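Residues per chain, in single letters:
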Amino acid sequence: MPDLLAHVLLAYALFGALSWRIEWINAQYVTVGMAGAVIPDLSKADLFIDDSLIEQVLEIPFDWFALHTAGGVLISVLIGTVLVEHDERKRVFGLLSVGAATHLLADSFLRTASGRSFSVLWPLSRYQPPTPGLYLSTEPGPTVIALALALLVYLISRHRTDELATQP
Amino acid sequence: MISTGKGRLVIVGILLLLLVGLAMWYGTLEPVPRAGVYPGNNDLVENFDRYHGDLVTAAGRVQSVDPVVIETTIGPRDTLRLTIVNLQIAVQKGDELRVFGIAREGSTIESHTAFTVPPPGLWYAYGTSVLGGLWVLCRLVEHWQFDNRHWNLKRRSARHRIRTRIQRRLSQLKFGGD
């Protein structure tokens, strides 16, 4: 999708809604899902250390965008999974993966000049699927929609918590 | 092995090396037009002439409008000025233009499709992205804690409110560390 805020709002809404059905998803696990939605944007490190600067200084080919593909995301998710305790790993792996997948999916709808998105499945495939070009990453529209969804989920969750608290 | 601090560090180190390897591999990839991967800014800056007659994509800041010239910068040094012809949209100097078309002689692109990104849009994207990143970071600190001894992250037993912590620290400063 658009900017990182929209991605994490969308993840908040998704995992918040899932917590209504899946009992173990509490606020702590919603946070893990949101962290997963941040993972593909680690490729934005190129704003601070440009690919070509690394290539020129270290004399190696380099492209941060690898982190914005299925392969890069999988390794990043594994790093996050290794960092938690053994009995948390399955849950954390799942949450980080789904969070990151929502990011990649939303980004595959971004408008591009060529009408093609990006190599989502790399290194399995270089294929860049056509994009419907729904939005630009610089437009506030998607963030507003994601904010409305997140707010709705927040209010419903709070209402459910209040209801449970008042039950005898 | 992954349950000890040392083992965890080794695995994370290996995964980080894999990630660097993946980024290096991605850096060697050539365009594959039949898969929808067209030559882009990096390829054009390296050798524009190689792609004469091919479909290419380019993005850059509009330098002049008659003719339309964009400048694209790769890294700290490499820049390329491209003339865009057959443009179907109106552009202004300073616009960020994204274009898809055929590479022609004389660093020219014959546009098929193009659109502009309004300049404030980039600052909006950066600003909101920082906000999103900070939100997740704050939630992580509130809900999870880092165990120095075992080098791992654990769920907190009680929510660690950053706001409360800041208020407590401010009050300590105010009353001389009381």
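Higher on the page you've got the structure.
Note that the structure is predicted; figures quoted are calculated from it, not measured.

### Some remarks on the interface of chain B and chain A
Every contact between the two is made by 61 residues of chain B and, on the other side, 61 residues of chain A. When chain B packs against chain A, close to 5,100 Å² is buried across both sides, 69% of that on carbon and sulfur atoms. When the buried surface of chain B facing chain A is broken down by residue, Tyr26, Phe115 and Arg155 of chain B rank first, second and third, together holding 13% of it. Connecting chain B to chain A are 2 salt bridges. Two residues, Lys154 of chain B and Glu85 of chain A, come together in a salt bridge whose shortest N-O distance is 3.9 Å. Applying the counting criterion to the chain B and chain A interface returns 19 residue pairs in polar contact (both at pLDDT 80 or more).

### A few points about the nonpolar core
Counting 31 residues, the largest nonpolar core has Val8, Met34 and Leu96 of chain A as its most contacted members. Elements that contribute at least two residues to this core include exactly α1 (4-21), α2 (27-38), α4 (70-82), α5 (89-107) and α6 (141-166) of chain A. Per element, the largest residue contribution to this core is 8 residues, and it comes from α1 of chain A. The residues contacting Met34 of chain A, other than those within four sequence positions of it, are Val8, Ala11, Tyr12 and Phe15 of chain A together with Trp135, Val136 and Arg139 of chain B. Val56, Leu80, Val91 and Ala103 of chain B belong to the second-largest nonpolar core, a separate cluster that totals 18 residues.

### Let's talk about the pairing of strand β3 (residues 78-85) of chain B
Residues and elements named next belong to chain B. By the bridge criterion, 7 bridges tie strand β2 (residues 68-74) to β3 in an arrangement that is antiparallel. For Ile74, the partnering residue across the bridge sits in β3 and is Asp78. Examined bridge by bridge, β3 and strand β5 (residues 108-117) share 3 bridges and lie parallel to one another. Within β5, the position partnered with Thr83 by the bridge is Thr108.

### A word on the pairing of β5 of chain B
All names here are of chain B. In the sheet, strand β4 (residues 96-104) pairs with β5 via 9 bridges, with the strands oriented antiparallel. Paired with Leu97 across the bridge in β5 is Thr116. In this antiparallel pair of consecutive strands, β4 and β5, the connection spans 3 residues, and Gly106 shows a positive phi of 75°.

### Describing the packing of aromatic side chains
Summed over all chains, the structure comprises 10 aromatic pairs over all chains. Taking 6.3 Å as the distance between ring centres and 70° as the angle between the ring planes, the aromatic pair formed by Tyr29 of chain A and Trp144 of chain B counts as edge-to-face. Of this pair, Tyr29 of chain A sits in helix α2 while Trp144 of chain B sits in strand β6 (residues 144-147), on two different chains. Considered together, Tyr29 of chain A and Trp144 of chain B belong to a single accessibility category, that of buried residues. For the ring pair Trp122 of chain A and Tyr26 of chain B, a centre distance of 4.9 Å and an interplane angle of 90° mean the geometry is edge-to-face. One end of the pair, Trp122 of chain A, is in the loop between α5 and α6; the other, Tyr26 of chain B, is in helix α1 (residues 5-27), on a second chain.

### Describing α6 of chain A
Over its 26 residues, α6 of chain A runs 38 Å from end to end, which matches the ideal 38 Å to within 8%, given 1.5 Å per residue. Within the sequence span of α6 of chain A, burial applies to Pro142, Thr143, Ala146, Ala150 and Val153 of chain A.

### A look at the sheet that holds β5 of chain B
All names here are of chain B. The strand order around the closed barrel built from 5 strands is β1-β2-β3-β5-β4, with neighbouring strands paired in mixed fashion. Between one strand axis and the next, the sheet turns through 50° on average, direction left out of account. Where strand β1 (residues 55-65) and β4 come together, 7 bridges link them in antiparallel fashion. Directly across from Ala58, in β4, lies its bridge partner Val99.

### Some words on the packing of α1 of chain A against α2 of chain A
Residues and elements named next belong to chain A. Interaxial distance between α1 and α2 falls to 8 Å at its minimum, and their mutual angle equals 145°. Between α1 and α2 the crossing geometry is right-handed. Residues Leu4, His7, Val8, Ala11, Tyr12, Phe15 and Gly16 of α1 pack against Val30, Gly33, Met34, Ala37 and Val38 of α2. Taken together, the residues of the contact of α1 with α2 break down into 9 nonpolar, 3 polar and no charged.

The rules behind these values
Each residue is numbered by its place in its chain's sequence as written, counting from 1. Written order decides the labels, with chains lettered from A and ligands numbered from 1. Only residues with pLDDT of at least 70 are given local features in this predicted model, and only at 80 or more are side-chain atom pairs given and counted; all residues enter the totals for whole chains, interfaces and linings. Side-chain metrics in this entry use all non-hydrogen atoms of the structure; hydrogen atoms and water are not considered. Residue contacts are counted whenever heavy atoms from the two residues lie within 4.5 Å of one another. In this description, buried area is defined as the sum, over both parts, of the accessible area (probe of 1.4 Å) that is lost when the two are combined. Only one rule defines a salt bridge in this text: a Lys or Arg side-chain nitrogen within 4 Å of an Asp or Glu carboxyl oxygen. Two N or O atoms form a polar contact when they lie within 3.5 Å of each other; inside protein one atom must be a possible hydrogen donor and the other a possible acceptor, and for residues adjacent in sequence the pair counts only when both atoms belong to side chains. Think of a nonpolar core as a cluster: buried Ala, Val, Leu, Ile, Met, Phe, Trp, Tyr and Cys residues, connected wherever their side-chain atoms sit within 4.5 Å. The rule is simple: take the accessible area with a 1.4 Å probe, protein chains only, and divide by the maximum for that residue type; under 20% is buried, over 50% is exposed, in between is partly exposed. Under the DSSP-based scheme used, a helix requires at least four consecutive residues in state H or I and a strand at least two consecutive residues in state E, with every element numbered from the N terminus. Any two strands with at least two DSSP-identified bridges between them are counted as paired. Working definition: rings of Phe, Tyr and Trp (its six-membered ring) pair if their centres are within 6.5 Å, and the pair is stacked with planes under 30 degrees apart, edge-to-face with planes over 60 apart, and tilted otherwise. Between the first and last residue of a helix there are one fewer steps than residues, each counted as 1.5 Å, and that sum is the expected span. Between the N-to-C directions of two axes lies an angle of 0 to 180 degrees, each axis being a line fitted to C-alpha atoms and, for a helix, fitted only over the stretch in contact. Note on convention: the crossing is left-handed when the near helix lies turned anticlockwise from the far helix by less than a right angle, right-handed when the turn is clockwise. When residues are grouped by polarity, Ala, Val, Leu, Ile, Met, Phe, Trp, Tyr, Cys and Pro land in nonpolar, Asp, Glu, Lys and Arg in charged, and all others, Gly among them, in polar.

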